[in-house]
Amino acid sequence: MSAHDWLVPDWPAPANVRACVTTRSGGVSAAPFDTFNLGDHVEDDPIAVASNRQHLVEALACQPAWLRQVHGIVVAEANPAVVIEADGNWTATPGIACTAMTADCLPALFCDRAGTRVAAAHAGWRGLAGGVLEAAVQALGVAPQELLVWLGPAIGPAAFEVGAEVREAFVRQHAEAASAFVPSANAGKFMADIYRLARIRLAVIGVTAVSGGGLCTYTDPRFYSYRRSARTGRFASLIWLQP
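It should be emphasised that the depicted structure is a prediction, and the values quoted were computed from it without experimental measurement. (Residues numbered from 1 in each chain as written. Predicted model: local features only at pLDDT ≥ 70, side-chain atom pairs only at ≥ 80, totals over all residues. Heavy atoms only, no water.)

## A word on the overall build of the protein
Within the protein, the secondary structure is distributed over 5 helices and 15 strands. At 17 Å, the protein has a C-alpha radius of gyration in line with the 18 Å of a compact globule built from 243 residues. Seen through its principal axes, the protein has C-alpha atoms that stretch 45 × 40 × 30 Å. When contacts within the protein are restricted to residue pairs at least 6 apart in sequence, those whose partners lie at least 24 apart make up 62%. (Helix = DSSP H or I, 4+ residues; strand = E, 2+ residues; numbered from the N terminus. Rg over C-alpha atoms; globule rule 2.2 N^0.38 Å. Contact = heavy atoms within 4.5 Å.)

## Let's talk about the sheet that holds strand β11 (residues 161–163)
Across the sheet, which stays open at both edges, the 3 strands sit in the order β11-β13-β12 with antiparallel pairing between neighbours. Looking at which strands have only one partner, the edges of the open sheet turn out to be β11 and β12 (181–183). Here the strands of the sheet are splayed against their neighbours by 45° on average, with no regard to which way each runs. Here β12 runs beside strand β13 (residues 189–192); their pairing, made up of 3 bridges, is antiparallel. Note on β13: the bridge partner recorded for Phe181 is Ala192. Packing of helix α4 (residues 164–171) onto the sheet brings it into contact with β11, β12 and β13, and relative to β11 it is tilted by some 80°. (Pairing = 2+ DSSP bridges. Axes fitted to C-alpha atoms, helices over the stretch in contact; angles between N-to-C directions.)

## A closer look at the nonpolar core
Judged by nonpolar contacts, the single largest core of 41 residues is most densely connected at Phe110, Leu133 and Phe181. Elements represented by at least two residues in this core include exactly β8 (106–112), β9 (118–123), α2 (125–130), α3 (132–140), β10 (147–151), α4, β13 and α5 (194–204). The element that contributes the greatest number of residues to this core is α3, accounting for 6 residues. Other than its neighbours up to four places away in sequence, Leu133 contacts Ala108, Phe110, Ala121, Ala123, Leu128, Ala198 and Leu202. (Core = buried A, V, L, I, M, F, W, Y, C linked by side-chain atoms within 4.5 Å. Buried < 20%, exposed > 50% of the residue type's maximum accessible area, 1.4 Å probe, protein only.)

## Thoughts on the packing of aromatic side chains
Remark: the centre distance and the inter-plane angle together describe each pair of aromatic rings, the angle taken between the planes. A full pass over the atoms with the stated rule returns 3 aromatic pairs. For the pair Trp6 and Phe36, a centre-to-centre distance of 5.0 Å together with 45° between the ring planes defines the contact as tilted. Residue Trp6 is located in the segment before β1 (17–21), and its partner Phe36 is located in the loop between β1 and α1 (46–60); the two are separated by 30 residues in the primary sequence. Classification of Phe36 by relative accessible area gives buried; the value is 0%. (Phe/Tyr/Trp six-rings, centres within 6.5 Å; stacked < 30°, edge-to-face > 60°.)

## Points about unusual backbone geometry
Of note, the bond from Ala31 into Pro32 is cis; its omega dihedral lies within 30 degrees of zero at 5°. In this fold, Pro32 is placed in the loop between β1 and α1. Omega for the bond connecting Asp34 with Thr35 falls within 30 degrees of zero, at -10°, which places this linkage in the cis form. Note that Thr35 resides in the loop between β1 and α1. The phi torsion at Glu43 lies on the positive side, around 75°, for a residue other than glycine. Given a relative accessible area of 65%, Glu43 falls into the exposed group. One non-glycine residue with positive phi stands out, namely Ala61, at about 55°.

Here's what the structure looks like:
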């Protein structure tokens, strides 16, 4: 990955657990998808997307399991041979990369301390409120205290304005979620901290070893951001077990 500005998570994962977050650079897509768009549903040239995805395989030496994400809470077993409709996937098979594509939503990567299972989840506010992170934990089948989580680049709390109904969806489930919202300058609106919301929900189910957070896709030009530009690409957060 030396030729790219892709991110490698800084977290205490076992040595055989590998993870990467792509950025906008390193690909062949033309504007406004320039250049390393991995989303095949955003009206980019399919040939460019296929080229970018093949380059990803060669750069990381793993097989990504792509998803058709629908802002739900289904977490399926990763299968590179088929595109599954789900918002998370998991695997215990080395060489298969669990993958979440985002452009403001929260990507969450999971592994167990023993380095035997990994998972990735895509969490917009609907999926987060619906329980996609909890579903990923359940799918891994590992005691919560044995899990490590890394939160990837997402829209930051200074840029994520939501309506009162979004705040209510979280506070209704966990009262402490109120701390993740502050009133916006616009009446009836709130600024939401999706990182804090994720940590609260994970802590409730016993997952407290959570790293990452703090990178804002809206303000950081390295990443695609749907709120910054509705016609844009998608970057990927991937996690896999080294063969």
